[in-house]
Amino acid sequence: EEKILQVNHLKKHFDMGKNQVLKAVDDVSFHVNRGETFGLVGESGCGKSTIGRTIMGLYERTDGEVIYDGQDVHDMKEKEKFVFRQNMQMIFQDPYASLNPRSTVKEVISEPMEVHGLYKSQKEKNDRVYELLEEVGLNRDHANRYPHEFSGGQRQRIGIARALALNPDFIIADEPISALDVSVQAQVVNLLKELQQEKGLTFLFIAHDLSMVKQISDRIGVMYLGNLVELTASGQLYDQPLHPYTQALLSAIPIPDPDIEEKRERIILEGDLPSPINPPSGCVFRTRCPMAMEVCAKQVPAWQEVEQDHYVACHLYDETISDKRPVKQVEKETAH
Ligand code: SF4
Ligand code: MG
């Protein structure tokens, strides 16, 4: 398998003034194989969109590397950047916000082609727009209408057509279906899957809903407060989640088949998501982790490959730690 994208120890910190630093992305590493869908999941504010934007080069990195097709995105020369911007495109959550309401659908879709000088005549441009509209399940009659005349699902299709206009290899889809009705979500997911097959596209699929990511992804990375906490194949993550946070997220997904005996106990996380400006010491998840141990406040858990292609950052899987009693249990024991 060929690694089309490598993210190595990426950090994106924002200076908030008054000596405060927001650690939106803090030492995150993963790769994406060519032709796969990599899902990035986590609560809003966990840094997943910031990763997407930093990969695209829309944000400067604070530290670490983003290697696309063998080249560091943040070290590219202008010419290389121009080619990169053709190869990597983004789809957003609210397609209406990213589409200019005063532009016709044709103008919206053809704008990136114009920037990159991809057509020689009006006819060539129009033909390409009609072709793109058909590829996303719309038709040429839609070309001269305005985005606001369309439903949410149709607007997302227009957003996808615009992203496809430059024949990209890689698409970052940031919550592309979160704002859509459930019935429409499946249609858009199916369209993305079809396009992936036809064009050999690679997807980085960002979402806050694990059940959604699970359907479409080959591999999944779970994020919490600017950190990756677990990463493995989609099926493995579902069958054998290792990190207490992943376990809590999965426990909230109803098992679709009522005949399945196995029941997951619902794990309710206590407390709120801490601020990334002042994250907890040690493991960032410890303030809400039902399994938190004494060591968790003192040491940052290492990112380790526990089984082949299954990575987790949690002291529970650190063999050098002998006392794994949860703090809560120890407190109970010493209370009487
Ligand atoms: Fe919980 Fe400790 Fe594992 Fe963090 S390192 S997830 S606090 S058990
Ligand atoms: Mg977001």
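Residues numbered from 1 in each chain as written. Chains lettered and ligands numbered in written order. Predicted model: local features only at pLDDT ≥ 70, side-chain atom pairs only at ≥ 80, totals over all residues.

1. Focus: the overall build of the protein chain
And then number 1: Summing up its helical and strand segments, the protein chain has 11 helices and 12 strands in all.
And then number 2: For 336 residues, the compact-globule estimate of 2.2 N^0.38 gives 20 Å, and the protein chain sits close to it at 22 Å.
And then number 3: Scored against the burial criterion, the 336 residues of the protein chain give a buried share of 35%.
And then number 4: In the protein chain, the share of contacts with a sequence separation of at least 24, taken over all contacts with a separation of at least 6, comes to 63%. (Helix = DSSP H or I, 4+ residues; strand = E, 2+ residues; numbered from the N terminus. Rg over C-alpha atoms; globule rule 2.2 N^0.38 Å. Buried ≥ 20, exposed ≤ 12 C-beta atoms within 10 Å, placed from the backbone. Contact = placed C-beta atoms within 7 Å.)

2. Points about the sheet that holds strand E1 (residues 3–17)
And then number 1: Strand order in the open sheet formed by 4 strands is E2-E1-E4-E5, and the pairing between neighbours is antiparallel. Lying at the two open borders of the sheet, with one neighbouring strand each, are strand E2 (20–33) and strand E5 (71–72).
And then number 2: With 2 bridges connecting them, strand E4 (residues 63–68) and E5 associate as antiparallel partners. Bridge pairing in E5 places isoleucine 67 opposite aspartate 72. (Pairing = 2+ DSSP bridges.)

3. Side note on the packing of helix H4 (residues 105–115) against helix H5 (residues 122–135)
And then number 1: Taken N-terminus to C-terminus, the directions of H4 and H5 make an angle of 115°; their axes are 10 Å apart at the nearest point. Overall, the two elements H4 and H5 adopt an arrangement that is roughly perpendicular. Both H4 and H5 take part in a crossing whose hand is right-handed. Side by side, H4 and H5 meet where Lys106, Ile109, Ser110 and Met113 of the first sit next to Lys125, Arg128, Val129 and Leu132 of the second.
And then number 2: Classifying every residue of the contact of H4 with H5 by side-chain character gives 4 nonpolar, 1 polar and 3 charged. (Axes fitted to C-alpha atoms, helices over the stretch in contact; angles between N-to-C directions. Parallel < 35°, antiparallel > 145°, perpendicular 65-115°, else oblique. Left-handed = near helix turned anticlockwise from the far one by under 90°. Nonpolar A, V, L, I, M, F, W, Y, C, P; charged D, E, K, R; others polar.)

4. Structural notes on the site of ligand 1
And then number 1: Near ligand 1 there are 14 residues, and of these Cys283, Arg286, Cys289, Cys296 and Cys314 occur at the shortest range.
And then number 2: Here the shell around ligand 1 is built from residues that sort into 11 nonpolar, 2 polar and 1 charged. (Near = placed C-beta within 6 Å.)

5. Side note on the sheet that holds strand E3 (residues 37–41)
And then number 1: Taken together, 8 strands build an open sheet; the order of strands is E6-E7-E8-E3-E9-E10-E12-E11 and the sheet is mixed. At either end of the open sheet lies a strand with only one pairing partner, and these are strand E6 (88–91) and strand E11 (303–307). Going across the sheet, the axis of each strand differs from the next one's by a mean of 20°, ignoring polarity.
And then number 2: Two strands pair when backbone bridges link them, and strand E9 (residues 219–224) and strand E10 (residues 227–233) are joined in this way by 6 bridges, in the antiparallel orientation. Across the sheet, isoleucine 220 pairs through a bridge with threonine 232, a residue of E10.

6. Some remarks on the confidence of the model for the protein chain
And then number 1: Here the protein chain averages 92 in pLDDT, while 96% of its residues score no lower than 70.
And then number 2: Both scores are available for the predicted complex, with the pTM at 0.93 and the ipTM at 0.95. (pLDDT = per-residue confidence, 0-100.)

7. Focus on helix H6 (residues 152–164)
And then number 1: The terminal C-alpha atoms of H6 lie 18 Å apart, and with 13 residues this matches the ideal 18 Å at 1.5 Å per residue to within 8%.
And then number 2: Burial within H6 is extensive, with 10 of its 13 residues counted as buried.
And then number 3: Within the sequence span of H6, burial applies to Arg155, Gln156, Arg157, Ile158, Gly159, Ile160, Ala161, Arg162, Ala163 and Leu164. (Expected span 1.5 Å × (residues − 1).)

8. Quick notes on unusual backbone geometry
And then number 1: Despite not being glycine, lysine 18 shows a phi value in the positive range, around 50°.
And then number 2: Mapped onto the secondary structure, lysine 18 falls in the loop between E1 and E2.
And then number 3: Not every positive phi belongs to a glycine, and leucine 225 is a case in point at roughly 45°.
And then number 4: Of note, leucine 225 is situated in the loop between E9 and E10.
And then number 5: On the basis of neighbour counts, which here come to 25 C-beta atoms within 10 Å, the residue leucine 225 falls in the buried class.

9. Describing the pairing of E4
And then number 1: Sheet topology note: the E1/E4 ladder contains 5 bridges and is antiparallel. Its bridge partner being in E4, lysine 11 is matched across the sheet by aspartate 63.

10. Focus on the nonpolar core
The tendency in soluble globular proteins is for nonpolar side chains to be buried side by side.
And then number 1: Counting residues in each nonpolar core, the largest one holds 77 residues, and the members touching the most others are Ala161, Phe205 and Val229.
And then number 2: If near-sequence neighbours (up to four positions away) are discounted, alanine 161 is found in contact with Ile109, Leu132, Leu133, Glu135 and Val136. (Core = buried A, V, L, I, M, F, W, Y, C linked by C-beta atoms within 7 Å.)

11. Some details on helix H1 (residues 48–56)
And then number 1: Summarising burial for H1: 8 of the 9 residues are buried, a large majority.
And then number 2: Residues Lys48, Ser49, Thr50, Ile51, Gly52, Thr54, Ile55 and Met56 constitute the buried set of H1.
And then number 3: Count one or two residues on from H1 and you reach glycine 57, which has phi positive near 85°.

12. Let's talk about the pairing of strand E12 (residues 310–313)
Successive residues of a regular strand alternate their side chains across the two faces of the sheet.
And then number 1: Here 2 bridges tie E10 to E12, and the two strands are oriented antiparallel to one another. Across the sheet, glutamate 230 pairs through a bridge with valine 312, a residue of E12.
And then number 2: Where E11 hands over to E12, the hairpin turn is made up of 2 residues, of which aspartate 309 adopts a positive phi near 60°.

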